[in-house]
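# Coordinate analysis (summary)
In case you want the letters, here they are:
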Amino acid sequence: MTSTHEVFPGERQQRISERLALYGRVIAADLASEFNVSEHSIRRDLGVLAAAGLCKRVYGGAILLPAVERPMAVRVRQNVERKDSLGLAAASLLRAGQHVFIDAGSTNLAIAGAIDPRLKLTLSTNSPLIAVQLMKLPCAEVILLGGRVNTASGGVIGLAAVQQLRQFNVDLCFLGACAIDPDNGITAFGLDDAEFKRAVVAASGQVVVAVTNEKLSSIAHYQVASCEEVTALVVEHDAPGERLEPFLGRIANVMSAPCEPRQA
């Protein structure tokens, strides 16, 4: 629908920003038609928003950028109940006898805390914090990759860890994702982190990603894996339909977390 009155650039950019927040992406041609301006004007608007760090310019439009990654010590205290719900849903995918890799991340820490203690599993991780949680499981064998811990990710991501990982045959991994988009797949903020995550995917038979709403239909700096390489995507119960719908044809299993985490 075209506008019935002239929309000035500042107002137009605000509306485009709101559209990005809702859908995660915008198409320049559609915006030009809606606001009754040229695509050149829309591209200029998108350039302003990109310069402000609100989006990334892509062919034909723009895509939302996720918030800058905070240190693990901060993230573990944020959105705890939401992550606990994701953890319950993701952990339900586990079966006895599997070798499971759990990538560093605050949501993955919640997954570790939701694992059924009766399951006999081999559990490997690059996160000391997750390893401590896994050691509470009486039937699990726990393997911690070695090397220097990255403060931002909360895990070991260097060459030594990658070389160790290449010796593993993992049945299922819980992969940390800084952002996930239907076209661009899983992306990460750090170059070394992205390289490590690619090694995790290569070593794993199944790849499971659990994400909070703000990571859906957004893009970070470095490529990790396509959506077609993801076995299951676990999302919040109230994930916006506008952001979630494009994933339904790309990922075989898209499952929602319960509304509230199980009470202890």
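Bear in mind the structure is a predicted one, so any value in this text is a computation, not a measurement.

Looking now at the overall build of the protein chain. Within the protein chain, the secondary structure is distributed over ten helices and 15 strands. Computed over its C-alpha atoms, the radius of gyration of the protein chain comes to 20 Å, within 12% of the 18 Å expected for a compact globule of 264 residues. On the principal axes, the C-alpha backbone points of the protein chain span a range of 65 × 40 × 30 Å. By the burial criterion, 48% of the 264 residues in the protein chain qualify as buried. In the protein chain, once contacts between residues fewer than 6 apart in sequence are set aside, the share between residues at least 24 apart is 64%. When the accessible area of the protein chain is evaluated, it comes to approximately 12,700 Å², of which 53% is carbon and sulfur surface. Of the side chains in the protein chain, 25 bear a positive and 27 a negative charge, and the two mean positions are spaced by 4 Å.

This part covers the sheet that holds strand 11 (residues 185-188). Note on sheets: strands pair through backbone hydrogen bonds, and any given pair is parallel or antiparallel. With antiparallel pairing, the three strands of this open sheet are ordered in space as 10-11-13. Edge positions in the open sheet fall to strand 10 (179-181) and strand 13 (222-225), since each of these has one partner strand only. Along the sheet, successive strands turn relative to each other by an average axial angle of 35 degrees, direction set aside. In this sheet, strand 13 lies alongside strand 11 in antiparallel orientation, the contact comprising three bridges. Of the residues in strand 13, the one forming a bridge with isoleucine 186 is alanine 225. Most of the contacts of helix 9 (residues 191-203) go to strand 13, to which it runs at about 10 degrees, and overall it touches strand 11 and strand 13.

A word on the packing of aromatic side chains. The geometry of an aromatic ring pair comes down to the distance between the two centres and the angle between the two planes. This structure, assessed with the given rule, holds one aromatic pair. The interplanar angle of 50 degrees and the centroid separation of 6.1 Å between the aromatic rings of phenylalanine 101 and phenylalanine 196 together place this pair among those described as tilted. Placement of phenylalanine 101 in strand 4 (residues 99-102) and of phenylalanine 196 in helix 9 is noted, with a sequence separation of 95 residues between them. We classify phenylalanine 101 as buried; its relative accessible area is 0%.

Let us now look at the UniProt feature "domain: HTH deoR-type" (unreviewed entry) in the protein chain. Look at the UniProt record and you will see "domain: HTH deoR-type" (unreviewed entry) annotated at residues 9-64. Strand forms 20% of residues 9-64 and helix 64%; the C-alpha atoms that close the span are 19 Å apart.

Position of valine 156 relative to the elements: it lies in strand 8 (residues 155-156). For the pair formed by valine 156 and asparagine 126, sequence separation is 30 residues and the distance between their alpha carbons is 5.1 Å. When sequence neighbours within four positions are dropped, the list of residues in contact with valine 156 reads Asn126, Leu145, Gly146, Gly147, Arg148, Val149, Ala161 and Phe196.

Contact geometry of helix 5 (residues 80-91) with helix 6 (residues 106-113) gives a least axis separation of 7 Å together with a crossing angle of 55 degrees. As judged from the angle between their axes, helix 5 and helix 6 are oblique. As for how helix 5 packs across helix 6, the hand of that crossing is right-handed. Touching Lys83, Asp84, Leu86, Gly87, Ala90 and Ala91 of helix 5 are Ser106, Thr107, Ala110 and Ile111, all from helix 6. Taken together, the residues of the contact of helix 5 with helix 6 break down into five nonpolar, three polar and two charged.

The next subject is the sheet that holds strand 2 (residues 55-58). Strand order in this open sheet of three strands is 1-3-2, and the pairing throughout is antiparallel. Of all strands in the sheet, those bounded by a partner on one side alone are strand 1 (25-27) and strand 2. Across the sheet, the axes of successive neighbouring strands diverge by a mean angle of 20 degrees, strand direction being ignored. Against the sheet, helix 1 (residues 9-23) contacts strand 1, strand 2 and strand 3 (61-64), and its axis sits at roughly 125 degrees relative to strand 1. Helix 3 (residues 39-51) contacts strand 1, strand 2 and strand 3 of the sheet and is inclined by roughly 140 degrees relative to strand 2.

We now examine the pairing of strand 2. In regular strands, side chains alternate between the two faces of the sheet. Across four bridges, the pairing between strand 2 and strand 3 is antiparallel. By the bridge assignment for strand 3, lysine 56 is matched with isoleucine 63.

Mapped onto the fold, glutamate 11 is located in helix 1. With relative accessibility at 32%, the residue glutamate 11 sits in the partly exposed group. As a C-alpha pair, glutamate 11 and serine 226 span 215 residues in sequence and 35 Å in three-dimensional space. Separated by 2.7 Å, the side chains of glutamate 11 and arginine 15 make a polar contact.

Conventions we followed
Residues numbered from 1 in each chain as written. Predicted model: local features only at pLDDT ≥ 70, side-chain atom pairs only at ≥ 80, totals over all residues. Heavy atoms only, no water. Helix = DSSP H or I, 4+ residues; strand = E, 2+ residues; numbered from the N terminus. Rg over C-alpha atoms; globule rule 2.2 N^0.38 Å. Buried < 20%, exposed > 50% of the residue type's maximum accessible area, 1.4 Å probe, protein only. Contact = heavy atoms within 4.5 Å. Areas by Shrake-Rupley, 256 points an atom, 1.4 Å probe, with all protein chains shown as cover. Lys, Arg positive; Asp, Glu negative; His and termini not counted. Charge placed at Lys NZ, Arg CZ, Asp CG, Glu CD. Pairing = 2+ DSSP bridges. Axes fitted to C-alpha atoms, helices over the stretch in contact; angles between N-to-C directions. Phe/Tyr/Trp six-rings, centres within 6.5 Å; stacked < 30°, edge-to-face > 60°. UniProt positions renumbered as here; feature names shortened; annotations may be inferred. Parallel < 35°, antiparallel > 145°, perpendicular 65-115°, else oblique. Left-handed = near helix turned anticlockwise from the far one by under 90°. Nonpolar A, V, L, I, M, F, W, Y, C, P; charged D, E, K, R; others polar. Polar contact = N/O pair within 3.5 Å; in protein donor to acceptor, adjacent residues only side chain to side chain.

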